[in-house]
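Listed below are the residues making up each chain.
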Amino acid sequence: MEGDLLIGIILFFAGALAGFIDSIVGGGGLISLPALMLTNMPVAMCLGTNKLSSVFGSGTAMINFAKNKLVDWGFVKRIMPFTLIMSMIGAYIAVYVPGTFLKPLIIVLLLAVFIVVLTKKDWGAIAQVERKTGWKLIAYLAMAIIIALYDGFLGPGTGMFLIFYFLFMGYDFLGALGNAKVLNTVSNFGSLLVFIYMGQVNYGYGLAVAVGQIIGATAGSKLAMVKGAGLVRFLFITMSLTMLTKLTYDYLLSLGII
């Protein structure tokens, strides 16, 4: 009984930190998922339980950004249904197929994102959003579908990829963050539905992390709106480098190189 209480407390604080970081730049899964792995649950159940808590965290941040009119509903509502469906497909695949073969590609993509944001110092400072029609709309939709599929299947870095996705479209950092939280919430929810159906969710552990995520996401999203794009850019670069280092280390370790 005391062991369960201790685990619950650890998961709560891990969730709070994950929610705080994730609400500003994404990457909260780097904190919450390893914490859940400490419970010795199967990997698929850890992923499903993490999705339960992530829905609360990203959803809380989404509400705060939406209240402050930092969501472009006109665009994101077009791709929300596709995001939901593709994240469900990705989650279904994740139950049966290990995602290790994707890690080299994710490392390369994260490195590219990190370099672009680091070198373009004025990127995301001012919104320069152009109208999305025709082939451009199709291309942006395709990119969102790929990210949603990846989020359901594996997940690490999804928040950062979504922020980069909206920066690429011309949104400033806060606008990109607000839009990203909407799609992230939708993809988390879609994945969660599948994990629930497959019986891969521990509700006790998931809700312990979720309570922390709500508190952390509330604080993080409010701080981001107060401090503005400068803070978001700094933390984005920091978390990108952290995630890049972590994934590279894990991949090299799995190959027996280190």
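Reading guide: rules and limits
Residues numbered from 1 in each chain as written. Predicted model: local features only at pLDDT ≥ 70, side-chain atom pairs only at ≥ 80, totals over all residues. Heavy atoms only, no water. Helix = DSSP H or I, 4+ residues; strand = E, 2+ residues; numbered from the N terminus. Rg over C-alpha atoms; globule rule 2.2 N^0.38 Å. Buried < 20%, exposed > 50% of the residue type's maximum accessible area, 1.4 Å probe, protein only. Areas by Shrake-Rupley, 256 points an atom, 1.4 Å probe, with all protein chains shown as cover. Phe/Tyr/Trp six-rings, centres within 6.5 Å; stacked < 30°, edge-to-face > 60°. Salt bridge = Lys/Arg side-chain N within 4 Å of Asp/Glu carboxyl O.

### Some thoughts on the overall build of the chain
Across its full length, the chain holds 10 helices and 0 strands. For the chain, the succession of helices and strands along the chain, N to C, is α-α-α-α-α-α-α-α-α-α. In summary, the chain has a C-alpha radius of gyration of 17 Å against a globular reference of 18 Å for 258 residues, a match within 12%. Dimensions of the chain, computed from the C-alpha atoms along their principal axes, are close to 55 × 35 × 35 Å. Every one of the 258 residues in the chain was classed for burial, and the buried ones make up 51%. Only carbon and sulfur atoms are counted for the fraction: they give 73% of the accessible area of the chain, which is about 12,100 Å².

### Brief notes about the packing of aromatic side chains
How two aromatic rings sit relative to each other is set out by the distance from centre to centre and by the angle between their planes. Counting across every chain of the model gives 8 aromatic pairs. A ring pair is formed by F75 and F166, whose centres lie 6.3 Å apart and whose planes are at 85°; its orientation type is edge-to-face. One end of the pair, F75, is in helix α4 (residues 73–96); the other, F166, is in helix α7 (residues 158–168), with 91 residues separating them in the sequence. Each of the two residues, F75 as well as F166, counts as buried. What links up through ring pairs into an aromatic cluster is the set F75, Y140, Y165, F166 and Y171.

### Remarks on the pattern of salt bridges
On inspection of all chains with the given rule, the structure shows 3 salt bridges. The shortest N-O distance in the salt bridge between D151 and K51 comes to 2.9 Å. With D151 in helix α6 (residues 134–153) and K51 in helix α3 (residues 43–67), this pair connects stretches of sequence that are 100 residues apart. Here the two residues D151 and K51 agree in accessibility, since each one is buried.

### A short note on unusual backbone geometry
One non-glycine residue with positive phi stands out, namely N40, at about 65°. With respect to the element layout, N40 can be found in the loop between α2 (29–37) and α3. The phi dihedral of K69 is positive, around 55°, even though this residue is not glycine. Examined against the element boundaries, K69 turns out to sit in the loop between α3 and α4. On the accessibility criterion, K69 (74% relative accessible area) is exposed.

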